[in-house]
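Architecture and fold: a report
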Amino acid sequence: APDREELTWELFGRAERELSAQIVASGWVPDLIIAIARGGLIPAGAIGYAIGIKAMGAVNVEFYTGVGETLPEPVVLPPLMDASDLPGKKVLVVDDVADSGKTLKMVMELLQHQGLDLGGETISVDARSAVIYRKPHSVFEPDYCWRVTDKWINFPWSALPVITPASLDRENADLLYARVGD
Ligand code: 5GP
């Protein structure tokens, strides 16, 4: 198997605290946090708690269809976010990883276009981005980043198989086994 970067739940706990500390140390305090779903949802929620921000939103973007397999371009999927509150706000965009960087770049450009035009005066969105990982070849440089790696990353939230009705017996057996094994 190719070399993987393994982010465990325990290591994620350290990553989100250190990334959050980076954001606070920069002196820039977001008014709200936008997660790029689904990969950015859990990191965004963790950062929200860590820095005491309750205003959260999400933009749903699909790009990867498998390990290293992508659609031609990232696409925004429903449910669509209401962006009317964003002009004049400091917005932190959070994703799990900037790999090609295309997803983050697209979302950041989307936010730049949400500025409010008041006949000559523009109220723009002050957007910054945070990721747990960045790949060296990313076309977009996030403002905040925990680690750089060129490996495929296994995240704890997508490391296990999806639970289906057909897999429930197996799932319960695994849980029971884990409990006995403690
Ligand atoms: P990008 O647009 O930067 O190429 O990648 C965007 C999304 O693809 C990420 O938010 C993530 O969900 C997925 N992705 C990219 N690289 C990796 C990786 O190394 N591991 C995993 N698990 N997902 C990845």
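Structure report, in brief. Please read all numbers here as calculations on a predicted model, not as lab measurements. Going along each chain's sequence as written, the residues are numbered from 1 onward. Residue-level local features of this predicted model are given only where pLDDT is at least 70; pairs of side-chain atoms are given and counted only at 80 or more, and the full residue set underlies all totals for whole chains, interfaces and linings. The basis for the side-chain values is all heavy atoms of the structure; hydrogens and waters are excluded.

1. Thoughts on the overall build of the protein chain
Selection rule: Secondary structure elements follow DSSP: runs of H or I of four or more residues count as helices, runs of E of two or more count as strands, with numbering from the N terminus. Exposure is judged per residue with a 1.4 Å probe applied to protein chains only, and the accessible area is read against the type maximum: over 50% gives exposed, under 20% gives buried, and values in between give partly exposed. Contact definition: two residues touch when any of their heavy atoms are within 4.5 Å. Note on areas: these come from Shrake-Rupley sampling with a 1.4 Å probe, and a residue is covered only by the protein chains present in the view. When charges are counted, Lys and Arg contribute as positive and Asp and Glu as negative, whereas His and the chain ends are disregarded. A single reference atom marks each charge: NZ on Lys, CZ on Arg, CG on Asp, CD on Glu.
Counting secondary structure elements, the protein chain contains four helices and ten strands. Projected onto its principal axes, the C-alpha coordinates of the protein chain cover approximately 65 × 35 × 35 Å. Counting only residues that meet the buried cut, the protein chain has 38% of its 182 residues in that class. Of all intrachain contacts in the protein chain linking residues separated by at least 6 positions in sequence, the fraction that spans at least 24 positions is 66%. As presented, the protein chain carries roughly 10900 Å² of accessible surface, and 55% of it is formed by carbon and sulfur atoms. When the 16 basic and 26 acidic side-chain charges of the protein chain are each reduced to a single mean position, those positions are 4 Å apart.

2. Considerations on the layout of surface pockets
This is how the line gets drawn: A 1.4 Å probe that fits into a set of points on a 1 Å grid over the protein atoms alone but cannot get out defines a cavity; an open set with protein on both sides within 12 Å along at least five of seven lines defines a pocket, and lining residues are those with an atom within 4 Å of a point. Grid points are joined across faces, edges and corners, and a volume is the space filled by probe spheres set on the points.
By volume, the largest pocket is sized at about 1100 Å³. Every residue lining the largest pocket is counted, 36 residues in all, and those nearest its centre are R38, G39, Y64, D96 and S158. Breaking the lining of the largest pocket down by element, the ones donating at least two residues are β2 (32–37), α2 (41–51), β3 (56–66), β5 (90–98), α3 (102–112) and β10 (152–154). If you tally residues by element for the lining of the largest pocket, the top one is β3, at seven residues.

3. Some words on the pattern of salt bridges
Note the cut-off: Here, a salt bridge means any side-chain nitrogen of Lys or Arg that lies within 4 Å of a carboxyl oxygen of Asp or Glu.
Under the defined criterion, the tally for this structure stands at seven salt bridges. Between E109 and K105 there is a salt bridge; the shortest N-O distance is 3.2 Å. With a gap of four residues between them, E109 and K105 both fall in helix α3, about one helical turn apart. Relative accessible area serves as the criterion here: at 35%, K105 is assigned to the partly exposed category. Put simply, D174 and R170 hold a salt bridge, and the shortest N to O gap is 3.4 Å. One end of the pair, D174, and the other, R170, are both in helix α4 (residues 168–181), four residues apart, so they sit about a helical turn from each other.

4. A few points about the site of the ligand
Note the following rule: Put simply, a residue is near a molecule or strand once any heavy atom of it comes within 4 Å of that molecule or strand. Residues adjacent in sequence count toward polar contacts only when both atoms are side-chain atoms; beyond that, a polar contact is any pair of N or O atoms within 3.5 Å, and within protein one must be able to donate a hydrogen and the other to accept it. The way we define it, a molecule is inside a pocket or cavity when more than half of its atoms are within 2 Å of that pocket's grid points. Note on residue categories: nonpolar means Ala, Val, Leu, Ile, Met, Phe, Trp, Tyr, Cys or Pro, charged means Asp, Glu, Lys or Arg, and polar means any other residue, Gly included.
Lining the immediate environment of the ligand, one finds 15 residues, of which Y64, D96, D99, S100 and T103 sit closest. Take D96: an N or O atom from its side chain is 2.5 Å from an oxygen atom of the ligand. Protein burial of the ligand: of its 500 Å² of free accessible surface, 89% is covered by the chains. If you map the ligand onto the pockets, it falls in the largest pocket. Every element with two or more residues in the shell around the ligand is listed here: β3, β5, α3 and β10. A per-class count over the shell around the ligand returns seven nonpolar, three polar and five charged.

5. Remarks on the packing of aromatic side chains
Ring pairs (aromatic) are described by centroid distance and by the angle formed between their planes. Applied cut-off: A pair of aromatic rings is counted whenever rings of Phe, Tyr or Trp (Trp by its six-membered ring) have centres within 6.5 Å, and the orientation is called stacked for planes under 30 degrees apart, edge-to-face for over 60 and tilted otherwise. Geometrically, a lysine NZ or arginine CZ counts as sitting over a ring once it is within 6 Å of the ring centre and also within 35 degrees of the ring normal.
Following the criterion strictly, the structure yields eight aromatic pairs and no others. Here Y64 and W152 contribute two aromatic rings whose centre-to-centre distance is 5.9 Å and whose plane-to-plane angle is 50 degrees, an arrangement assigned as tilted. Within this pair, whereas Y64 is found in strand β3, its partner W152 is found in strand β10, the two being separated by 88 residues in sequence. W152 gets classed as partly exposed once you look at its relative accessible area, which sits at 27%. Measuring from centroid to centroid gives 5.9 Å for Y133 and W146, while their planes differ by 75 degrees, and the two rings are edge-to-face. Pair noted here: Y133 is in strand β8 (residues 126–134) and W146 is in strand β9 (residues 144–148), with a separation of 13 residues, a long-range link. Summarising the burial analysis for this pair, Y133 and W146 share the class buried. Three or more aromatic residues joined by ring pairs make a cluster, and in this case those are W9, F12, Y133, W146, F155 and W157. Directly above the aromatic system of W146 lies the positively charged group of R147, at a separation of 4.0 Å from the ring centroid.

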